[in-house]
Amino acid sequence: MTKYFFLDQHGCAKNQVDGELIIGILTGLGWCKTAEPEQAHLIIVNSCGFIEPAKRESIEAVVTARAAYPYAKILLAGCLAERYGDIFQTDLEEADAFFGNGDLSQLPRLIAELFPEPETGGSSNKAAVSVASHTAPRPFIKPPQEGISCGVRPELLNFPRSAFIKITEGCNNCCTFCAIPLIRGSVRSRSIASIVDEIRDFVQKGYKEFNLIGQDLAVYEAESGWTALRTPLSVSANPKCQPRTGITAPDAVFTPVPVQRTAGKTAAVTDTASASGMGHKQDRSRRKEPQPELSGLARLLQAISALTGDFSVRLLYIHPDHFPLDILPIMTADTRFLPYFDIPFQSGSESIIHAMNRCGSAAVYLEMVETIRAAFRNAKSPYGEAVIRTTFLTGFPGETQEDFEQTASFLQAVQSLWSGAFVYSREEGTKAALMKKRVPVKIAEKRKELLNELQLHITEEKLTAFCGAELTVLIEEVISQSESADISGSTSAEYDDSRIALGRAWFQAPEVDGAVVVNFTESQKDTEGNPIQPGSTVRVRITALRGIDLEADVLNQ
């Protein structure tokens, strides 16, 4: 008989990729995914365990599923199970089994235990499938945090023709507020060949956008002994800033290797003489000098750049203390790399930055941001200025009003297009959880609101510059005719072939940034000559700013 599973997905993009792999594993076992939980023999809550609100949400999902679907088996998977599965075995009676977030290839073992094959053939009812008793010992498998789970992803959980590509897993940064090393383990990286093969396969299937994700893209391949990773700019002395695996002392300036784009490939240029073929005797000794080793991320981007096809690549989450500047020449040489940088600064106060076990300062970070922006200005990038997204924590232990004001001033100086402010969440097992001078929640909430309000003004001002511009937009959703009428305010008598869609431009990452509201008619086509639908790319002219969203009209092709 056919067995059905329902996936209740929670958490970040990295956990989403895990959910997509889970779909692939179960379909490979002969299961069918259903969008109707009441049809499911197995309900999987792929949980988040990062901060307290996310934990509560995942637990509530399990409790709600048990009450609503008493005949289904409920599997709590993901980060929350990884972190607390041994406790939940006795304390969370609503779940039938628990599975961590390590080696996902071990999931079939748990499924076999949860759904043992019947000794005799038979019934097609759900009770026959769910043979395990709720009173039996509930299994918990916590696979080792080794390698990175890869495999077939037959269904992606985001909008059409856009994919998250996980390149690293785990983290060694050990920021004092963060539980990721406890949940995901030490950093490890996928091979360049594996990543490039996956992207190539998606390109052949018509995908247009790839978002590279990991806990920290800067440390890609750092765990394998690569030694070139270092802080790009001078940092403040911080004796409490603990060394990280694969990272050299933060006191040297990393000089990026210039690159050039040739015949669809990116090639490193060791020096001007050898590149031009006009070297002379005095240059030979210079050419013998060892060149700086490219960072792992730079070498990955070079390999991606060698692929053919019409697609774009966005980098999500790079730790500010060791941003690899050698990626900039590669990115400016290939316009398929979007100048969008997600750099979580967390604070603008040097004392708080150091208390977070980070090595920088507001001045160092501002210099880095200017270096990034200058690289694209000097290359006369068709995108114009690079876009910065960041995050800030308010209410970190010991944060004074002066610390907060320094953070607000830093945000004003960075002029990030996007940022999110969040109240510090005290997580057991982290060093910050033991720190004194806790900030009252009301004060932390107020500070968060002030930062978000400041960012809103910055965002509105910077988005205004796009008005009148012609851009390419990836369509995510086409609004129905009735909904379009509600948005536009037209009456039924005014219905025509006008339509509205929601999409994103290059400076808008999926799920976290604003959108472009696209006006078009049924007769207009996308850039490939097809009817406009989710997954289409269209050329538009920006006509107006609506809060943090832009409005645009499709241009006739």
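Residues numbered from 1 in each chain as written. Predicted model: local features only at pLDDT ≥ 70, side-chain atom pairs only at ≥ 80, totals over all residues. Heavy atoms only, no water.

### Structural notes on the sheet that holds strand β19 (residues 516-521)
Strand order in the closed barrel formed by 5 strands is β17-β18-β19-β21-β20, and the pairing between neighbours is mixed. Between one strand and the next, the sheet's axes are offset by a mean angle of 55 degrees, whatever the strand orientation. Pairing of strand β17 (residues 470-478) with strand β18 (residues 498-504), which is carried by 4 bridges, proceeds in the antiparallel orientation. Paired with E477 across the bridge in β18 is L502. (Pairing = 2+ DSSP bridges. Helix = DSSP H or I, 4+ residues; strand = E, 2+ residues; numbered from the N terminus. Axes fitted to C-alpha atoms, helices over the stretch in contact; angles between N-to-C directions.)

### Topic: the state of the cysteines
Evaluated as defined, the whole model comprises 0 disulfides. For C171, which is in no disulfide, the shortest distance to another cysteine sulfur is to C178 and amounts to 6.3 Å. (Disulfide = S-S within 2.5 Å.)

### Overview of the confidence of the model for the chain
The share of residues in the chain with pLDDT of 70 or more is 81%, and the mean pLDDT across the chain is 84. Low pLDDT (under 50) marks residues 122-133, which in the prediction has 21 contacts with non-local residues, meaning those over four places away or in another chain. Taken together, the stretch residues 226-240 has pLDDT below 50 and engages in 52 contacts with residues farther than four places along the chain or on a different chain. (pLDDT = per-residue confidence, 0-100. Contact = heavy atoms within 4.5 Å.)

### Looking at the nonpolar core
One finds L212, I304, L315, F323, I327, F341 and F345 to be the most contacted residues of the largest nonpolar core, which totals 56 residues. With residues near it in sequence (within four places) discarded, I327 still touches S295, L297, A298, L301, L315, I318 and F341. A77, A505, A552 and V554 belong to the second-largest nonpolar core, a separate cluster that totals 50 residues. (Core = buried A, V, L, I, M, F, W, Y, C linked by side-chain atoms within 4.5 Å. Buried < 20%, exposed > 50% of the residue type's maximum accessible area, 1.4 Å probe, protein only.)

### Notes on the pairing of strand β10 (residues 209-213)
The element β10 is largely enclosed, with a buried count of 5 among its 5 residues. Both faces of β10 are covered, namely the face carrying E209, N211 and I213 and the face carrying F210 and L212. When strand β7 (residues 162-166) meets β10, the two strands line up parallel, connected through 5 bridges. Bridge pairing links I165 to L212 in β10. In terms of strand pairing, β10 meets strand β13 (residues 312-315) through 4 bridges, oriented parallel. The residue of β13 that forms the bridge with L212 is L315.

### Considerations on the packing of helix α13 (residues 362-378) against helix α14 (residues 401-414)
Running from N to C, α13 and α14 cross one another at 10 degrees; their axes reach a closest spacing of 10 Å. The angle between α13 and α14 places the two elements in the roughly parallel class. Along this stretch, α13 crosses α14, giving a crossing that reads as right-handed. Where α13 abuts α14, its residues A362, Y365, L366 and R373 lie against F410, A413 and V414. Across the contact of α13 with α14, the residue classes break down as 6 nonpolar, no polar and 1 charged. (Parallel < 35°, antiparallel > 145°, perpendicular 65-115°, else oblique. Left-handed = near helix turned anticlockwise from the far one by under 90°. Nonpolar A, V, L, I, M, F, W, Y, C, P; charged D, E, K, R; others polar.)

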